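Structural overview
One letter stands for each residue in the lines below.
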Amino acid sequence: MTRAVDLFYKFLELLLILLLSGMAIMVFVNVILRYGFNSGLTVSDEMARYFFVWLTFVGAVVGFREYGHMGVESLVALFGRRGRVICMILSNLLIFGVSAIFFWGTWKQLPINASMSAPVTGLSMGWVYGIGFFTGAGCSLIALERLFRLLTGRVTESEIAAFAGEHQGVEKLVERA
């Protein structure tokens, strides 16, 4: 199961690379066309915006999994193991609640977004803003899984250290590359 999850996140990282590359290429080509040939691709502006939206929300899930979001690590670092675990529980409860609300808000907003279409591509805006389902569900599931492991005592010392910001050493960054 761990291998399947790791493969899924590798796919998400590849998707992020493709979205960022696509966005950069579309904007670059459009700049060249506008300044060099006095024309442009109207679809590229719109699609670059949508790629950016998806890039942000998919990246939020990947960042949450890797403890990459901003935290109050200087405060958490002052606590011992028990204090850190309590902070992790409170943090994941809060994140679960906010992510569930985000998912529910996307659900409530979907009929409105689906009825609107993009001005250039005609794409349903439900496809654009529907990424909230992925982000809300993804962060909720990660938080629930972490809560389960915290409450059953299965959390590892390296996860606690990562939560406290002790995982950002040069060795760890080189290891990821």
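The residue count restarts for each chain, going from 1 along the sequence in the order it is written. This being a predicted model, a pLDDT of at least 70 is required before a residue's local features are given, and a value of 80 or more before pairs of side-chain atoms are given or counted; all residues contribute to the totals for chains, interfaces and linings. Values shown for side chains rest on all heavy atoms present in the structure; no hydrogens or waters enter the calculation.

1. Regarding helix α6 (residues 131-151)
In this description a helix means any DSSP run of H or I spanning at least four residues, a strand means any run of E spanning at least two, and both kinds are numbered starting from the N terminus. What a helix is expected to span follows from its residue count: subtract one and scale by 1.5 Å. For α6, with 21 residues, the first-to-last C-alpha span of 30 Å sits near the 30 Å given by 1.5 Å per residue. One or two steps after α6, the chain reaches Gly153, where phi turns positive at roughly 75 degrees.

2. Regarding the layout of surface pockets
For cavity detection a 1 Å grid was placed over the protein atoms alone, and a set of points counts as a cavity when a 1.4 Å probe fits there but cannot get out; an open set counts as a pocket when protein lies on both sides within 12 Å along at least five of seven lines, with lining residues being those that have an atom within 4 Å of a point. Grid points are joined across faces, edges and corners, and a volume is the space filled by probe spheres set on the points. Looking at the second largest pocket, its volume works out to about 650 Å³. Contributing to the lining of the second largest pocket are 27 residues, with Phe64, His69, Met70, Ser91 and Ile95 lying nearest its centre. Contributing elements (two or more residues each) for the lining of the second largest pocket: α2 (42-65), α3 (73-76), α4 (81-114), α6 and α7 (157-163). Per-element accounting of the lining of the second largest pocket gives the leading share, 9 residues, to α4. Looking at the lining of the second largest pocket residue by residue, the classes come out as 17 nonpolar, 8 polar and 2 charged. Three categories are distinguished: nonpolar for Ala, Val, Leu, Ile, Met, Phe, Trp, Tyr, Cys and Pro, charged for Asp, Glu, Lys and Arg, and polar for the others, with Gly belonging to the last.

3. A word on the state of the cysteines
Disulfides are defined in this document as cysteine sulfur pairs within 2.5 Å. Taken as a whole and assessed by the stated rule, the structure comprises 0 disulfides. There is no disulfide at Cys87, and the cysteine sulfur nearest it, in Cys139, is 20 Å away.

4. Side note on the confidence of the model for the chain
Predictor confidence is given residue by residue as pLDDT, running from a minimum of 0 to a maximum of 100. The pLDDT averaged across the chain works out to 89; a share of 94% of its residues lies at or above 70. Looking over the chain, one finds the lowest element-wise mean pLDDT in helix α8 (residues 170-176), namely 52, and the highest in α6, namely 96.

5. Description of helix α1 (residues 2-37)
Within an α-helix, residues lying three or four positions from one another point in the same direction, as the helix has 3.6 residues per turn. End to end, α1 covers 51 Å across 36 residues, agreeing with the expected 52 Å (1.5 Å per residue, within 8%). To sort residues, take the accessible area from a 1.4 Å probe on protein chains only and compare it with the maximum for the residue type: under 20% means buried, over 50% means exposed, and anything in between is partly exposed. Residues of α1 that are buried: Tyr9, Leu12, Leu16, Leu19, Gly22, Met23, Met26 and Asn30. Residue contacts are counted whenever heavy atoms from the two residues lie within 4.5 Å of one another. Looking at the buried positions of α1, the neighbouring elements they touch are α2 and α6. Directly beyond the C-terminal end of α1, a positive phi value near 55 degrees is found at Asn38.

6. So, the pattern of salt bridges
One side-chain nitrogen of Lys or Arg within 4 Å of one carboxyl oxygen of Asp or Glu is enough to make a salt bridge. Under the criterion given, the structure shown has 6 salt bridges. Where Glu13 meets Lys10, a salt bridge forms, and the shortest distance between an N and an O atom there is 3.9 Å. Pair noted here: Glu13 and Lys10 are both in helix α1, with a separation of 3 residues, about one helical turn. For Glu13, a relative accessible area of 23% translates into the label partly exposed. Note on Lys10: relative accessible area 54%, which makes it exposed. What you see here is one network of salt bridges that share partners, running through Glu145, Arg149 and Glu159.

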